[in-house]
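If you want the building blocks of each chain, they are given just below.
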Amino acid sequence: MAATTEKYRVQLDFSKEALEELDALQKKLHAASRAEVVRNALGVLKWVTNNLAEENKIVVEKKTGENAEVDFPFLLVK
């Protein structure tokens, strides 16, 4: 018999534009549901905040070979 995982229902309010972005991400990521997109986004945000808290830089290497430091001004992690 498989173990069951407890689930908690969360209700979120989105603007029309935000909901369209969520749906576009669901399609682009081939996610089974909007909830899957949100769970994946939480994982990415956790990774980002953990790295910023450790005072690491997050750098993107562009196709041109140039590097660009990623800036998240809305994240005040210390």
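First, a word on what this report is: a plain description of the structure on this page.

**Structural notes on the packing of helix α1 (residues 16–29) against helix α2 (residues 34–53)**
Turning to step 1, where the next piece is worked out: Axis separation between α1 and α2 bottoms out at 9 Å; the angle between their running directions is 90 degrees. Compared by their axis directions, α1 and α2 come out roughly perpendicular. Taken together, the residues of α2 that come into contact with α1 (itself represented by Leu 19, Leu 22, Asp 23, Leu 25 and Gln 26) are Arg 34, Val 37 and Val 38.
Turning to step 2, where the next piece is worked out: A class-by-class count of the residues in the contact of α1 with α2 yields five nonpolar, one polar and two charged.

**Points about α2**
Turning to step 1, where the next piece is worked out: The first and last C-alpha atoms of α2 sit 28 Å apart over 20 residues, in line with the 28 Å expected at 1.5 Å per residue.
Turning to step 2, where the next piece is worked out: Looking at the buried side of α2, the elements it contacts are α1.
Turning to step 3, where the next piece is worked out: Glu 55 sits one or two residues past α2 and shows a positive phi near 60 degrees.

**Regarding the layout of surface pockets**
Turning to step 1, where the next piece is worked out: If you add up the space inside the largest pocket, you get close to 540 Å³.
Turning to step 2, where the next piece is worked out: Along the walls of the largest pocket sit 13 residues, with Tyr 8, Arg 9, Val 10, Ala 35 and Arg 39 positioned nearest its centre.
Turning to step 3, where the next piece is worked out: Taken together, the elements giving at least two residues each to the lining of the largest pocket come down to α1 and α2.
Turning to step 4, where the next piece is worked out: Here the lining of the largest pocket takes five residues from α2, the largest share from any one element.
Turning to step 5, where the next piece is worked out: Looking at the lining of the largest pocket, its residues break down into nine nonpolar, no polar and four charged.

**Let's talk about the pattern of salt bridges**
Any two side chains of opposite charge can pair, on the condition that their charged atoms come close.
Turning to step 1, where the next piece is worked out: Within this structure, the stated rule accounts for two salt bridges.
Turning to step 2, where the next piece is worked out: Notably, a salt bridge pairs Glu 20 with Lys 16, separated by 3.7 Å at the nearest N-O pair. Taken together, the residues span about one helical turn, with Glu 20 and Lys 16 both in helix α1 at a distance of four residues.
Turning to step 3, where the next piece is worked out: Here Glu 20 falls in the partly exposed class, since its relative accessible area comes to 44%.
Turning to step 4, where the next piece is worked out: Note on Lys 16: relative accessible area 61%, which makes it exposed.
Turning to step 5, where the next piece is worked out: Across the pair Asp 23 and Arg 34 runs a salt bridge, and its minimum N-O distance is 2.7 Å. Separated by eleven residues along the polypeptide, Asp 23 in helix α1 and Arg 34 in helix α2 bring together distant segments of the chain.

Each value, and the rule that gives it
Residues numbered from 1 in each chain as written. Predicted model: local features only at pLDDT ≥ 70, side-chain atom pairs only at ≥ 80, totals over all residues. Heavy atoms only, no water. Axes fitted to C-alpha atoms, helices over the stretch in contact; angles between N-to-C directions. Helix = DSSP H or I, 4+ residues; strand = E, 2+ residues; numbered from the N terminus. Parallel < 35°, antiparallel > 145°, perpendicular 65-115°, else oblique. Contact = heavy atoms within 4.5 Å. Nonpolar A, V, L, I, M, F, W, Y, C, P; charged D, E, K, R; others polar. Expected span 1.5 Å × (residues − 1). 1 Å grid on protein atoms, 1.4 Å probe; cavity = no way out; pocket = protein on both sides within 12 Å on 5 of 7 lines; lining within 4 Å. Points joined across faces, edges and corners; volume = space filled by probe spheres on them. Salt bridge = Lys/Arg side-chain N within 4 Å of Asp/Glu carboxyl O. Buried < 20%, exposed > 50% of the residue type's maximum accessible area, 1.4 Å probe, protein only.

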